[in-house]
Amino acid sequence: MKVGVLCGDRWHPAEVVLTGLREALGENGEGVLRETGGQSAREDEPWTLEPLPLQGERSIDSWLADKDVVVLAKLNHVSEDDSAPWLTAEIKGAIMAYVEGGGGLAVIHAGTAGFKDDPVFCRFIGGVFAYHPEPCPVTLTVSAERAPFPARSEGDVVVHDEHYMMDMVDESLDVFLTAASEHGMQAAGWSRAHGQGKVCTLTPGHYLEVWREPAYRELIAGGVRWCAREPEESNSQVEK
């Protein structure tokens, strides 16, 4: 399975995202992830990560062509050193067409940020980052029955994170994760259909320690696999 990854901006180093994905997907019997620079993956390595080069080395259409799922985990900056927006009309159109045609998009943390002036893309991902207070204890609560993939309800989990305040633009979303702090409660995980494809959004994850929290790591793995249409057991088979 080839995972296309959009990551790396001034406040969200690519290595946090890539390490978090390697650990989440590699912990579920899928083998060891290998990052590629566009080379074909070996058949015995079912999950590989391929970041998108945003410097004109490869067209967005060719990059998307062989991807089983795409993870968006960067705000709208080209790189950690370049704050110019990367979401051009061409890239946006290609990503939306990819999902509409049956692809999947998993949006994590910073992938919701920097797009509030683009109402079409905001509706596409379901909600957009508005602001966050200083990092603080954030309580994550899973509603397993609303998740589109097997998820466990084993009590609340508290993480130290940026509590993303969201502007929700689609009331039909299936919200399966909430985040609460002294600053209020927000939707923190939801799913939606787009054409023949799927979108799953998770807002926590500024720090690698949050990605490594076992309950949240399970949600990341479940969301990516669901978007990629990996076969899953039904929720009824998961011990609550």
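Residues numbered from 1 in each chain as written. Predicted model: local features only at pLDDT ≥ 70, side-chain atom pairs only at ≥ 80, totals over all residues. Heavy atoms only, no water.

Asker: Report on the overall build of the chain, specifying residues and quantitative values.
Answerer: Looking only at helices and strands, the chain has 6 helices and 12 strands in total. Classification of the 240 residues of the chain by burial places 53% in the buried group. Excluding contacts between residues fewer than 6 apart, the proportion of contacts in the chain whose partners are at least 24 apart in sequence is 66%. Carbon and sulfur atoms provide 47% of the accessible area of the chain, an area that totals close to 10700 Å². (Helix = DSSP H or I, 4+ residues; strand = E, 2+ residues; numbered from the N terminus. Buried < 20%, exposed > 50% of the residue type's maximum accessible area, 1.4 Å probe, protein only. Contact = heavy atoms within 4.5 Å. Areas by Shrake-Rupley, 256 points an atom, 1.4 Å probe, with all protein chains shown as cover.)

Asker: Pulling in residues and values, what's your account of the packing of aromatic side chains?
Answerer: When we look at a pair of aromatic rings, we describe it by the centre distance and by the angle of the planes. Taken as a whole and assessed by the stated rule, the structure comprises 5 aromatic pairs. Judged by centre distance (4.4 Å) and plane angle (50°), the ring pair of Phe129 and Tyr164 falls under tilted. One end of the pair, Phe129, is in strand β6 (residues 127–131); the other, Tyr164, is in the loop between β8 (157–161) and β9 (165–168), with 35 residues separating them in the sequence. Here Phe129 matches Tyr164 in class, with each residue buried. Between Phe149 and Phe176, the aromatic rings sit 5.5 Å apart at their centres with planes inclined by 80°, giving edge-to-face as the arrangement. Here Phe176 lies in strand β10 (residues 174–181) and Phe149 lies in the loop between β7 (136–142) and β8, a separation of 27 residues in the sequence. Summarising the burial analysis for this pair, Phe149 and Phe176 share the class buried. (Phe/Tyr/Trp six-rings, centres within 6.5 Å; stacked < 30°, edge-to-face > 60°.)

Asker: Account for the pairing of β8, naming residues and giving values.
Answerer: Residues of β8 alternate between two faces, with Val157, Val159 and Asp161 buried on one and Val158 and His160 left unburied on the opposite face. Pairing between β7 and β8: 5 bridges, direction antiparallel. Bridging across to β8, Pro137 finds its partner in His160. (Pairing = 2+ DSSP bridges.)

Asker: Tell me about the layout of surface pockets, and name the residues and values.
Answerer: Space inside the second largest pocket adds up to approximately 220 Å³. Around the second largest pocket, the lining is made up of 14 residues, and of these Val142, Arg152, Glu154, Val157 and Ala215 lie nearest the centre. Mapped onto the lining of the second largest pocket, the elements with two or more residues apiece are β7 and α6 (214–227). Per element, the largest residue contribution to the lining of the second largest pocket is 5 residues, and it comes from α6. Residue classes in the lining of the second largest pocket are distributed as 8 nonpolar, 3 polar and 3 charged. (1 Å grid on protein atoms, 1.4 Å probe; cavity = no way out; pocket = protein on both sides within 12 Å on 5 of 7 lines; lining within 4 Å. Points joined across faces, edges and corners; volume = space filled by probe spheres on them. Nonpolar A, V, L, I, M, F, W, Y, C, P; charged D, E, K, R; others polar.)

Asker: Give a description of the side chain of Asp161 that names residues and reports values.
Answerer: Relative to the assigned elements, Asp161 resides in strand β8. This buried residue, Asp161, is left without a salt bridge; Arg212 holds the nearest opposite charge, at 14 Å. A polar atom in the side chain of Asp161 sits 3.0 Å from the backbone nitrogen of His206. Once residues lying within four places of it in the same chain are set aside, the contact partners of Asp161 are Pro135, Cys136, Val138, Pro204, Gly205, His206, Tyr207 and Val210. (Lys, Arg positive; Asp, Glu negative; His and termini not counted. Salt bridge = Lys/Arg side-chain N within 4 Å of Asp/Glu carboxyl O. Polar contact = N/O pair within 3.5 Å; in protein donor to acceptor, adjacent residues only side chain to side chain.)

Asker: Would you mind going over the nonpolar core in detail, with residue names and values included?
Answerer: Judged by nonpolar contacts, the single largest core of 43 residues is most densely connected at Leu21, Tyr216, Ile220 and Val224. In terms of nonpolar packing, the next biggest core, distinct from the first, is built from 25 residues, Ile60, Val78, Phe115 and Val128 among them. (Core = buried A, V, L, I, M, F, W, Y, C linked by side-chain atoms within 4.5 Å.)

Asker: Residue-level account of unusual backbone geometry, with values.
Answerer: Non-glycine residue His109 carries a positive phi angle of around 50°. Mapped onto the elements of the fold, His109 is located in the loop between β5 (104–108) and α4 (119–125).

Asker: I'd like to hear about the side chain of Lys67, residue by residue, with values.
Answerer: By secondary structure assignment, the location of Lys67 is in the loop between α2 (60–64) and β4 (69–73). A residue is classified by how much of its surface remains accessible, and Lys67, at 6% relative accessible area, is buried. Polar side-chain contacts of Lys67 include one of 3.4 Å to the side chain of Glu50. Among residues more than four places away in sequence, those in contact with Lys67 are Lys2, Val3, Gly4, Glu50, Arg58 and Tyr98.

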